[in-house]
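Overview (structure and organization)
So the chains spell out like this:
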Amino acid sequence: WAKIDLTWKIGWTLNKSTPFSTQNNYLQSAGPITSTGTLSRSFFSLPPVFALKVFKSGISQVNKLYDPYAADPQASLSNAFVEGFETLPLLQHAGFLQNFASYIPRPNWSISWDGLEKFFPFKSIAEKVSLDHSYSAGYTEGWYLDPDGKKVTQTQQINYAFAPLIGLNMTFGKLWKGNLSGSIKYATSSSFSLGLSTSNITQAATKDIGLSATYSKSGFEIPLFGLSLKNDIEFTFSYTFSQTSTILFDMSPGNYTDSGTPQDGQTRVTIEPRVKYTISSKVTLSVFYTRTTVQPEGASRVEPTTSNEAGLDVHIAIGG
């Protein structure tokens, strides 16, 4: 069976400040009222990859909608930023809803699907299989009112994340009288920040891949010092790949490129096998090894590094 959860979120703040002074025991205004505020809501933006390019949303669409020669270039870039990243901006052209489109949250979702062991190709190899998928996105902005009462946008940010894009969890049948399970997850996220004063958009992106496997066996006996003790053993292996990057997009005329300019980034890979051995309920041994490598990307000044760590944990219960 499959379970789908849909969520919508919206929030806003409004702050007003009025300066006063006292003169001849009377309270009187000493300056104009200043107003600031924020808006945050769930968003819907799909990356322009593979078949999703048909929706025409993303940084290149922002560039197409932006008119640097408009009467108000900053307002044009601000509007293009939202409309260009939004996938299926139906509310922007919905008549009376157009003025309220910025305040209507878009749906986000999460999906969990159990029982996949009944289908090919899992039917013959696994006892239990489940699939996870989650999408979340948000839009935030900060603004103030100028002395003429005009709303001026200061900051804008759009982010979306598939966390995970796909997550597969499997429990296999008995292997050597033990239990074997594993999982694989792939997640990706992006955050875009607009600098109106500089006409720049900065993207911070991450990609994560995680694999893990566990084999456990319990209840087998090994003679030791003339005693036959019940023993448990567990083998685990994990692999993680994480990639981060920062890209700058210059939206000024003649400087924009779809690939942008890489600013910073790194790739981190971690591998860790571990063995846990339980000798009766009193003694537990655990041996592990961790290897981590870091490689810089783009204009990053981080030095490439490799670290190795190994250890032995011994737990002995005394008494009772």
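Everything that follows concerns the structure shown earlier in this document.
Residues numbered from 1 in each chain as written. Predicted model: local features only at pLDDT ≥ 70, side-chain atom pairs only at ≥ 80, totals over all residues. Heavy atoms only, no water.

Bringing the overall build of the protein chain into the picture now. Scanning the protein chain for helices and strands turns up two helices and 14 strands. The buried share of the protein chain, taken over its 320 residues, is 30%. Taking all contacts inside the protein chain whose residues are at least 6 apart in sequence as the whole, residues at least 24 apart take part in 59%. For the protein chain, the exposed area adds up to about 19800 Å²; of that, 59% sits on carbon and sulfur atoms. (Helix = DSSP H or I, 4+ residues; strand = E, 2+ residues; numbered from the N terminus. Buried < 20%, exposed > 50% of the residue type's maximum accessible area, 1.4 Å probe, protein only. Contact = heavy atoms within 4.5 Å. Areas by Shrake-Rupley, 256 points an atom, 1.4 Å probe, with all protein chains shown as cover.)

Okay, the packing of aromatic side chains next. The tally for this structure, following the rule as stated, stands at nine aromatic pairs. With centroids separated by 5.0 Å and ring planes inclined at 50 degrees, the aromatic side chains of Y135 and F162 adopt a geometry described as tilted. In this pair, Y135 is assigned in strand β7 (residues 126-145) and F162 in strand β8 (residues 151-172), connecting sequence segments 27 residues apart. Like Y135, the residue F162 is buried in the burial classification. Summarising the aromatic geometry, the rings of Y160 and F192 are spaced 6.4 Å apart at their centres and angled 35 degrees between planes, so their arrangement reads as tilted. Taken together, the residues span a long stretch of sequence, with Y160 in strand β8 and F192 in strand β9 (residues 179-195) at a distance of 32 residues. Relative accessible area serves as the criterion here: at 4%, F192 is assigned to the buried category. Through a chain of ring-to-ring contacts, the aromatic side chains of F44, W109, Y135 and F162 assemble into a single cluster. (Phe/Tyr/Trp six-rings, centres within 6.5 Å; stacked < 30°, edge-to-face > 60°.)

Here the focus is helix α2 (residues 73-85). Think of an α-helix as 3.6 residues a turn; residues three or four steps apart then line up on the same face. Over its 13 residues, α2 extends 18 Å from the first C-alpha to the last, a length consistent with the 18 Å expected when each residue adds 1.5 Å. Listed as buried for α2 are S76, L77, S78, A80, F81, V82, G84 and F85. (Expected span 1.5 Å × (residues − 1).)

This part is about the nonpolar core. F81, F85, I201 and M251 are the most contacted members of the largest nonpolar core, which totals 26 residues. Secondary-structure elements contributing two or more residues to this core are α1 (59-65), α2, β7, β8, β9 and β11 (227-250). Contacts of F81, omitting those with residues within four sequence positions, involve V62, Q156, Q157, I158, F192, L194 and I201. Residues L116, A126, V129 and L168 belong to the second largest nonpolar core, which totals six residues. (Core = buried A, V, L, I, M, F, W, Y, C linked by side-chain atoms within 4.5 Å.)

A contiguous nonpolar surface patch, about 680 Å² in accessible area, is contributed by F235, V275, V287, L312, V314, I316 and I318. It is strand β14 (residues 305-316) that contributes the most residues to the nonpolar patch, three residues altogether. The topology assignment puts F235 in strand β11. Judged by its relative accessible area of 37%, F235 falls in the partly exposed class. (Patch = residues over 30% accessible without salt bridge, like charges linked within 9 Å, V, L, I, M, F, W, Y side chains within 5 Å. Salt bridge = Lys/Arg side-chain N within 4 Å of Asp/Glu carboxyl O.)

Moving on: the side chain of N108. Examined against the element boundaries, N108 turns out to sit in strand β6 (residues 108-114). Here N108 is in contact with D5, L6, T7, S42, F43, Y135, S136 and A137, once residues within four sequence places are set aside.

Another aspect to go through is the environment of D5. Inspection of the secondary structure assignment puts D5 in strand β1 (residues 2-7). Among the residues examined, D5 registers a relative accessible area of 34% and is labelled partly exposed. It is 8.9 Å that separates the C-alpha atoms of D5 and S112, two residues lying 107 residues apart in sequence. Apart from residues lying up to four places away in sequence, D5 is in contact with N108, W109 and S110.

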